[in-house]
Each structure stands twice: as structure tokens, then as C-alpha cells.
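Chain by chain, the residues run as shown.
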Amino acid sequence: MRSMTGYGHAETSTTAFDLTVEIKTFNSRHFDFKSRLGRELSAFEADFKAEVQTDLRRGRVELYLDVRPKTTDQYELNMPVVENYRILAEQASTMGIPGGLEIADLLAVPGLVMPRTESLVSDEMRDALLEAVRAVVKDVVTERESEGAALCSDLELRIGLLKGYVTELEKLADGIRAHFEAKLSERLSELADQVAVDESRFNQEVLYYIEKADISEELARLKSHLSRFEECLHAGDGLPVGKKLD
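Residues numbered from 1 in each chain as written. Predicted model: local features only at pLDDT ≥ 70, side-chain atom pairs only at ≥ 80, totals over all residues. Heavy atoms only, no water.

## Some points on the sheet that holds strand 4 (residues 59-69)
The test is simple: Any two strands between which DSSP finds at least two bridges are classified as paired. Secondary structure counts use DSSP, requiring at least four H or I residues in a row for a helix and at least two E residues in a row for a strand, with both numbered from the N terminus. In this analysis, axes come from line fits to C-alpha atoms, helices being fitted only over the stretch in contact, and the angle between any two N-to-C directions falls in the range 0 to 180 degrees. Only heavy atoms enter the contact rule, under which two residues are in contact if any of them lie within 4.5 Å.
As summarised here, the arrangement of the four strands in space is 1-2-4-3, forming an open sheet in which the pairing is mixed. Two strands close off the open sheet at either side, each with one partner strand: strand 1 (6-13) and strand 3 (31-36). Strand-to-strand twist of the sheet, defined as the mean angle between neighbouring strand axes without regard to direction, takes the value 15°. Inspection of the sheet shows strand 3 paired to strand 4 by six bridges, in the parallel sense. Following the sheet pairing, D32 is matched in strand 4 by R60. Contacts from helix 4 (residues 123-173) reach strand 1, strand 2 (17-26) and strand 4, with the element oriented near 35° to strand 2.

Below you can see the structure in the form of C-alpha cells.
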């Protein structure tokens, strides 16, 4: 039995990158996968989701990846933008506008400097990230199982209490007939001077109240539910049991 809440964190390195992977899981009725990836890594999202879902089949899962290249050529110029600004500067000059285009001006333009996509999107990067995600998922599963074991122990304690209550109720149910006979006899004694007691009618009234107060079916159903609950707790097949327990 596993809890739905868990956390895992890992950091690793390759010859070209430093990587950080973080996974958080929360309660949710279904599998709900959310990831925070840079634009360059979005191509790998389906691979990450499949890897995570192998072991985390229910709950909300949030995946965070941070990739830090070690190379010194992480960025490049957006050449179409550079060329466009050069043409605009020449046009301004022909119109008699003083001044010229400086490198500092270009570097201040949004989107002119961009990361090298090919420096991130590679088989080496995907394999390294998948290995790191796999390791973090194992940590999350371990934490969820640990918390699940604590929840299981608590539920077992409560099931034991309920079983004890059922046993007490069964004992009390055995005295229902005597209870109603005593109550009706007491009431009839108070009215003895006013009405005649019909023994047959008296027994019919006792049976009527016994039938109304009969809880044997409810107790049998409750015992069945408690037994089934315990079976689900200890199924041992690794499948989610939350819906069955509900």
C-alpha cells in the first residue's frame, strides 16, 4: 500500500552537463502529469511522462528539470534579427540620422542572444535525464511506500476497533427480545386496571419490535466490508487500492 504524496531529488553530471531532477507527488483521483521543462527539453516530455507513469500510476506528479551546460558556447546570435537591425541602421543613416549601430545596442535587443538548441537536445542528454528521472522515481516510490505503511498500520488499528464494536453489538442484539418483552410488560402493568392483556397480541407486538430492531443483516454486511478492507490492504500486487477502499 502506497501513499500518494512523495518527494524525490537527484543531481548528476555528464561530460557536458550538470543536471537536477525533482519530483513531487500529491493526492489526485487519476494520473495527472505536470512538467516544468525549458523549451529545448520539451521534445523529451513524452519520454519523461512514460518513465514516471511506469511506477507512479495515480496522483498528481510534478516534474522539474534543470540543465546547466558546461561548455563556453552555450549561446548564439539570432542572425536574422542582427541582419534586420543592420538594414534598419543603414536606412536611418541614409535619412541623415546621426549615430551608428553599436554592439551594446544589439545585445540589449530581446531575443537576439539565444541558447544553442543543439547543445541540449541530444541522445546523450535524453539518456542522462531518463536515468536521473528513473532514480528519482524510485526515491518517490520508497517514500510513498513508507508513508503508506504508516497509514496501513493506522487503518488496521481502526479496523480492529470496529471488529470489537461489531462483536459487542452482536452480544447486545441477542438481548433484543428480552428488552422489548420487559418494556411491553412494564407498560402493560401500568395499564393493567384499564385493559385486558391478550397473550397472542402481546407476542405479536414483541415480534414486530424485534423485526424493526433487527440488525443482523447490517452486522453481516459490516463484517464482510471489514474483511474485504483488510484483503485490499494486504493485496501485495502493487496496484492502487484507494478506489476499492472508498
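## Some thoughts on the packing of helix 4 against helix 7 (residues 216-233)
For any two helices packed against each other, one specifies the crossing angle of their axes together with the interaxial distance. Our working rule: The labels follow the angle: roughly parallel below 35 degrees, roughly antiparallel above 145, roughly perpendicular from 65 to 115, and oblique for the rest. If you view the pair so one helix is near and one far, a crossing is left-handed when the near helix is turned anticlockwise from the far one by less than a right angle, and right-handed when it is turned clockwise.
Running from amino to carboxyl end, helix 4 crosses helix 7 at an angle of 160°, the nearest separation of the two axes being 11 Å. The angle between the axes of helix 4 and helix 7 places the two elements in the roughly antiparallel class. When the axes of helix 4 and helix 7 are compared, the crossing they make is left-handed. Where helix 4 approaches helix 7, its residues C152, L155, E156, I159, L162, K163, V166, L169 and E170 are matched on the opposing element by L219, L222, K223, L226, F229, E230 and L233.

## Considering helix 2 (residues 79-94)
Inclusion rule: Given the number of residues in a helix, its expected span is that number minus one, multiplied by 1.5 Å.
With 16 residues, helix 2 ought to run about 22 Å at 1.5 Å a step, and its terminal C-alpha atoms sit 23 Å apart, in line with that. One or two steps after helix 2, the chain reaches G96, where phi turns positive at roughly 85°.

## Structural notes on the packing of aromatic side chains
Put simply, the rule is: Only Phe, Tyr and Trp rings are paired, with Trp represented by its six-membered ring, and only when their centres lie within 6.5 Å; those with planes under 30 degrees apart are stacked, over 60 edge-to-face, the remainder tilted. Between buried and exposed lies partly exposed: a residue is buried under 20% and exposed over 50% of the maximum accessible area for its type, with that area taken using a 1.4 Å probe on protein chains only.
On inspection of all chains with the given rule, the structure shows two aromatic pairs. Both rings, one in F31 and one in F33, keep their centres 6.4 Å apart while their planes meet at 15°; by these two values the pair is stacked. No difference in accessibility class separates F31 from F33, as the two residues are buried. Here F44 and F48 contribute two aromatic rings whose centre-to-centre distance is 6.2 Å and whose plane-to-plane angle is 75°, an arrangement assigned as edge-to-face. With a relative accessible area of 7%, F44 lands in the buried category.

## Comments concerning the packing of helix 1 (residues 45-53) against helix 4
Running from N to C, helix 1 and helix 4 point in directions that differ by 25°, and their axes come no closer than 10 Å. Between helix 1 and helix 4, the angle is such that the two are roughly parallel. By crossing handedness, the relation of helix 1 to helix 4 is classed as right-handed. Residue-level contacts link D47, F48, E51 and V52 of helix 1 to R126, L129, L130, V133, R134 and V137 of helix 4.

## Details of the state of the cysteines
For the record, the criterion: What counts as a disulfide here is a pair of cysteine sulfur atoms lying within 2.5 Å.
For the structure on display, the rule yields zero disulfides. The thiol of C152 is not disulfide-bonded; the next cysteine sulfur, from C232, is found 11 Å away. Here C232 falls in the buried class, since its relative accessible area comes to 7%.

## Concerning the nonpolar core
Under the convention used in this document: Nonpolar cores are built from buried Ala, Val, Leu, Ile, Met, Phe, Trp, Tyr and Cys residues. Side-chain atoms within 4.5 Å join them into one set.
Counting residues in hydrophobic clusters, the biggest one holds 27 residues, and the most contacted among them are I23, F48, V52, L129 and V133. Elements that contribute at least two residues to this core include exactly strand 2, strand 3, helix 1, strand 4 and helix 4. If we ignore the near neighbours within four places in the chain, the residues touching V52 are I23, F31, F33, V61, V133 and V137.

## Examining the side chain of E51
Relative to the assigned elements, E51 resides in helix 1. By relative accessible area, E51 is classed as buried at 18%. Excluding anything up to four places from it in sequence, E51 contacts L130, V133 and R134.

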